[in-house]
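Architecture at a glance
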Amino acid sequence: MEKQRIKEGIERYLKVKHGIKLKDAKDYEIFNAVSLTVLEEIIDNWNTTTETYSKGRMAYYLSAEYLMGRALGNNLMNLGVYDEVKDVLSELNIDLNRIEEIEEDAGLGNGGLGRLAACFVESAATLDMPLVGYGIRYSNGLFKQNIENGFQTECEDTWLKYGEAWSIRKDNDIQIINYSDMTVKAVPYDVPIIGYGTKNINTLRLWQCEALREFDFNLFNNQQYIEAVSGRNKAEDISRVLYPNDTAEAGKILRLRQQYFFSSASMKDIIKKHKAKFGSDFSEFAKYNVAQLNDTHPTISILEFIRILIDEEHVEFSSALAIAKEFFGYTNHTILAEALEKWDIRLIDRLFPRILQIAYKVDEALVNELRQRSYDEGAIWNFKIIANDQMRMANLAIYVGRAVNGVAALHTEILKKTELNHWYHLYPNKFQNKTNGITPRRWLRLCNAELSELITDLLGSEDWVKNLELLKGLEKYKNDDKVLERLMSIKHEKKVQLAEYIKQEEGIIIDPNSFFDIQIKRLHEYKRQLLNALYILDLYYRIKENPDLDIPKTTFIFGAKAFPGYRRAKGIVKFINEIARFIDNDSEVSKKIKVVFVHNYKVSYAQKLFPGSDLSKQISTAGKEASGTGNMKFMLNATPTFGTYDGANIEIVQESGEHNNYIFGLRVEDIEKIKHSYDPKWYYRENPSIKRVVDTLINGTLDDGRTGYFEDLYNALLEERDQYYVLADFELFKKSQEQVFEDYKDKKKWAQKCFANLYSSGIFSSDRTIKQYADEIWYIKPAPIK
Ligand code: 26W
């Protein structure tokens, strides 16, 4: 893009959009103007891509979450205009970096599942794959987190407050969504997904809920102002927040409404496009269309799809079901029982009775099939879609799904062997593994320009950005001192940048010459932030006993949001913050270790944390973390893993070598063996270090402000039998961490471990994952535009 055009575009949009001249523009106005300038530039290719895709077979990714983060920097980079825009702005005395920083993250997701969806749509665009993403345009993303006196507090995330430059409202494609008690509009906002080094522009279509009518004229005329807009508010509530608290009945109804809302809108949209080509002939529908359910959240799509075919298109039930069986695939992301969705059929009946009728018919077809295969009634119970007055969404997805996949090798094995074993026996061929991946554009090229430059220097081209397996070509430098020194000096530079950012965001000063040991992820008991915290507390006491303890100066960094209704997780946040305070207050120990809990962990924060890390903490209870993707982001930024045999950690160390990482703790088989006899109190009695740190929860050493949080944590460990084996893994953790500290002394050896992780990370590109989905489940091919 020519610089002159960029400059003119910025001035034009400042004028028409904000009515101002450059000299008066605020940063967010410049952000808008730059974004619109680029958007204008890609519109033609975007439309051409949509048209090209519509001619062939297409995949639809259905996801309740897309954790996109910021758009501007990534889009400029992927389009290859980053430097030009930077130059134009700097000629105008504007720092592009500052403009990037004012963009609100699009935080339309909770964690890994939502970020995976974001990586997937980016990879699909980069690969010219005909894939459209469907989701919800929540007007509030995941809550913003603050830390007040060590406690997590939450407030709304109004990410749309400055308007959102990147999406285009498509009024022509509005769909009407019917519930038995209300009818609303689903308004699509299309977000361009800009791939790296390609002309293709893919689409993420996010649905926003609006009322059919702005307000009730007669009520307003009667001066009943609140009543006049209550219908509108009720409609807008549907896309107002991501996963509203669903512990109460009203919250559950709202979530179910949300799921149906975007499922129905997406199905209607797909069917509308099909009809534009083939009229009411659905015989070849599944030849041209395939949909992927990102976990069970969009699974009601199956029933809505069948409903539309039967009720509106007059297709027979058996044909409709047969088409659905070729149309949908299902990805499972967790084996935690509480995350396996089940809906009370009374709610379904209340909101959409016809959907419940369809569900009964699908269930009947399933039961008939099982009876034909001579399953007895007792066995059939486990498969049923409707049982105990509940609709089991995973059963529906597996029965109808053309393929069922887990997200890492171990995870898929566990599904096959235990959780979904009965299904695996029934349909062995449906089960597949698709190990997760991450996009190297955002998670290396964009967030670590310095390391990217080194790689490009060594490999002689930037091809690795699109073909991450090329990183293997770096292996030949593994004994090259100069290369290793450059790598470590880049790491240092990124740590300095991270330290500056933490100072700015948290007002906390950390030493970039200390070892950065980082655990960043959603807060959950199974992820065991508590184990890490207890270890640190033990280290505190050991330094207290022996001020000369031979460890490198270390900064332990945590970042995590606790789900607002998840009391125990909030207790862990407070515990970590109290440990941080406790250590800071000790003039001796604080010379050696420091703990920082960064607030409001999100994608844009993550982009600063991964590159500035020395150690990646991935310490979930074996068998609980389906895959993890943060682990891959550390690896790609040349950081060794400290972790359990769980999720994708296993594949990570297979690639880069166990000797270049730190694997500790009970494995799935070990836990299987001890689970009935496990006695955490034994560890507490027998191991004085454990007793010492666990007792801080109740002996007044650390203060939870009389909330009862710490006593609850104490009980979780000792009275509720430590469900996540924190105490069982404590000593093994400690031993491994000691090895880390020991190895870190040998600078060259350490650099080699970092480097090995970098050159072995190629397989964890989401490009590889998307190609596998395309080849093995979706059967779609690249369709580059001319
Ligand atoms: C209440 C419904 C619900 C429950 C859990 C919604 C969302 C969740 C999680 C946020 C789901 C999630 O993020 N799972 C993660 O998916 C990643 C992508 O496959 C995996 O890498 C993680 O291991 C898994 O925890």
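Residues numbered from 1 in each chain as written. Predicted model: local features only at pLDDT ≥ 70, side-chain atom pairs only at ≥ 80, totals over all residues. Heavy atoms only, no water.

The name an unreviewed UniProt entry assigns to the protein is Alpha-1,4 glucan phosphorylase, from the organism Clostridium chromiireducens. The UniProt entry for the protein carries the following text under Catalytic activity (unreviewed entry): "[(1->4)-alpha-D-glucosyl](n) + phosphate = [(1->4)-alpha-D-glucosyl](n-1) + alpha-D-glucose 1-phosphate". The UniProt entry for the protein carries the following comment under Sequence similarities (unreviewed entry): "Belongs to the glycogen phosphorylase family." (UniProt positions renumbered as here; feature names shortened; annotations may be inferred.)

Turning next to the overall build of the protein. Each helix and strand counted, the protein has 33 helices and 23 strands in total. The C-alpha radius of gyration of the protein comes to 27 Å, within 12% of the 28 Å expected for a compact globule of 786 residues. For the C-alpha atoms alone, the extent of the protein along its principal axes is close to 80 × 75 × 65 Å. Among the 786 residues that make up the protein, the fraction classed as buried is 62%. On the protein, roughly 30,700 Å² of surface is accessible, and the fraction owed to carbon and sulfur atoms is 48%. (Helix = DSSP H or I, 4+ residues; strand = E, 2+ residues; numbered from the N terminus. Rg over C-alpha atoms; globule rule 2.2 N^0.38 Å. Buried < 20%, exposed > 50% of the residue type's maximum accessible area, 1.4 Å probe, protein only. Areas by Shrake-Rupley, 256 points an atom, 1.4 Å probe, with all protein chains shown as cover.)

One pass over the structure, following the stated rule, counts 71 salt bridges. Across the salt bridge formed by K273 and D269, the nearest N and O atoms sit 3.6 Å from each other. With K273 and D269 both in helix α9 (residues 249-278) and four residues apart, this pair spans about one turn of that helix. Residue D269 is classed as buried on the basis of its relative accessible area, which comes to 1%. Ionic pairing is found between D538 and R542, a salt bridge with its closest N-O pair at 3.5 Å. One end of the pair is D538 and the other is R542, both in helix α22 (residues 529-545) and four residues apart, which spans about a single turn. (Salt bridge = Lys/Arg side-chain N within 4 Å of Asp/Glu carboxyl O.)

The next point concerns the side chain of Q607. Among the structural elements, Q607 can be located in helix α24 (residues 603-609). Residues within four places of Q607 in sequence aside, it is in contact with R442, W443, L446 and C447. (Contact = heavy atoms within 4.5 Å.)

It is worth spelling out the site of the ligand at this point. Inspection of the region around the ligand gives 19 residues, with L113, H333, N436, E625 and G628 positioned closest. A distance of 2.6 Å is found between an oxygen atom of the ligand and a side-chain nitrogen or oxygen belonging to H333. Contacts to the ligand include N436, whose side-chain N or O atom sits 2.8 Å from an oxygen atom. The protein chains hide 86% of the 570 Å² of surface that the ligand would expose on its own. (Near = heavy atom within 4 Å. Polar contact = N/O pair within 3.5 Å; in protein donor to acceptor, adjacent residues only side chain to side chain.)

Of all residues except glycine, most have a negative phi; of all peptide bonds, most are trans. Phi at R528 takes a positive value of approximately 60°, unusual for a residue other than glycine. Along the polypeptide, R528 turns up in the loop between β18 (515-520) and α22. Relative accessible area serves as the criterion here: at 1%, R528 is assigned to the buried category. A positive phi angle, close to 60°, is found at R721, a residue other than glycine. As for its position among the elements, R721 is in the loop between α30 (709-718) and α31 (726-744). Judged by relative accessible area, which is 38%, R721 ranks as partly exposed.

The next point concerns the nonpolar core. Core analysis: the largest hydrophobic core is formed by 125 residues, its most contacted members being F305, I306, F328 and V362. When near neighbours in sequence (up to four residues on either side) are disregarded, F328 contacts L62, M267, A291, L293, S301, I302, F305, V400, G401, R402 and A403. The next biggest cluster of nonpolar side chains, apart from the first, holds 116 residues, and it includes L487, M632, A751 and Y759. (Core = buried A, V, L, I, M, F, W, Y, C linked by side-chain atoms within 4.5 Å.)

Moving on to the packing of α22 against helix α29 (residues 688-695). The contact between α22 and α29 brings their axes to 9 Å, and the two run at 110°. When the interaxial angle is binned, α22 and α29 end up roughly perpendicular. Residues L534, L537, D538, Y541, R542 and E545 of α22 touch α29, and the partners they reach there are S689, R692 and V693. Tallied by class, residues from the contact of α22 with α29 come to four nonpolar, one polar and four charged. (Axes fitted to C-alpha atoms, helices over the stretch in contact; angles between N-to-C directions. Parallel < 35°, antiparallel > 145°, perpendicular 65-115°, else oblique. Nonpolar A, V, L, I, M, F, W, Y, C, P; charged D, E, K, R; others polar.)

In this model helix α33 (residues 766-778) runs just 16 Å from its N-terminal to its C-terminal C-alpha over 13 residues, more than 12% under the 18 Å that 1.5 Å per residue would give. Of the positions making up α33, those classed as buried are S766, D767, R768, T769, I770, Y773, A774, I777 and W778. One or two steps after α33, the chain reaches Y779, where phi turns positive at roughly 55°. (Expected span 1.5 Å × (residues − 1).)

Moving on, we come to a nonpolar patch on the surface. A cluster of nonpolar side chains, F215, F217, F220 and Y225, forms an exposed patch at the surface whose accessible area comes to about 420 Å². With respect to the helices and strands, F215 occurs in the loop between β10 (201-211) and α7 (217-221). Residue F215 is classed as partly exposed on the basis of its relative accessible area, which comes to 35%. (Patch = residues over 30% accessible without salt bridge, like charges linked within 9 Å, V, L, I, M, F, W, Y side chains within 5 Å.)

Another aspect to go through is the UniProt feature "modified residue: N6-(pyridoxal phosphate)lysine" (unreviewed entry) in the protein. Those places that UniProt annotates as "modified residue: N6-(pyridoxal phosphate)lysine" (unreviewed entry) correspond, in this numbering, to K633. Note that K633 resides in helix α25 (residues 630-636).

The contact between helix α23 (residues 567-584) and α30 brings their axes to 9 Å, and the two run at 110°. With respect to α30, the axis of α23 lies roughly perpendicular. On α30, the residues touching R567, R568, K570, G571, I572, K574, F575 and E578 of α23 are Y709, F710, D712, L713 and A716. Broken down by class, the residue content of the contact of α23 with α30 amounts to six nonpolar, one polar and six charged.

A separate point is the sheet that holds strand β22 (residues 641-643). Read across the sheet, six strands follow the order β20-β19-β18-β21-β22-β23 without closing on themselves; strand pairing throughout is parallel. At either margin of the open sheet sits one strand with a lone partner, and together these are β20 (593-598) and β23 (662-663). Pairing geometry for strand β21 (residues 615-618) and β22, over three bridges, is parallel. The residue bridging Q618 from the neighbouring strand is G643, located in β22. (Pairing = 2+ DSSP bridges.)

Another point: the environment of E475. Positionally, E475 belongs in the loop between α20 (449-459) and α21 (481-506). A sequence separation of 283 residues divides E475 from L758, and the C-alpha atoms of the two residues are 9.1 Å apart.

Let us look at the pairing of strand β5 (residues 144-148). Relative to strand β6 (residues 151-155), β5 runs antiparallel, the two sharing five bridges. Looking at β6, one finds that I147 is bridged to Q152. What sits between the antiparallel neighbours β5 and β6 is a turn of two residues, in which N149 has the positive phi angle 50°.

In this section: the pairing of strand β19 (residues 554-559). Here β19 lies mainly inside the structure; six of its six residues are buried. The two faces of β19 match: T554, F556 and F558 on one face and T555, I557 and G559 on the other face are all buried. Note that β18 and β19 share six bridges and pair parallel. Bridge pairing links I520 to G559 in β19. In this fold, β18 hands off to α22, which returns the chain to β19; that crossover is right-handed. Here β19 runs beside β20; their pairing, made up of six bridges, is parallel. Across the sheet, the residue bridging to F558 is F597, located in β20. (Right-handed = clockwise from strand over helix to strand, strands pointing away.)

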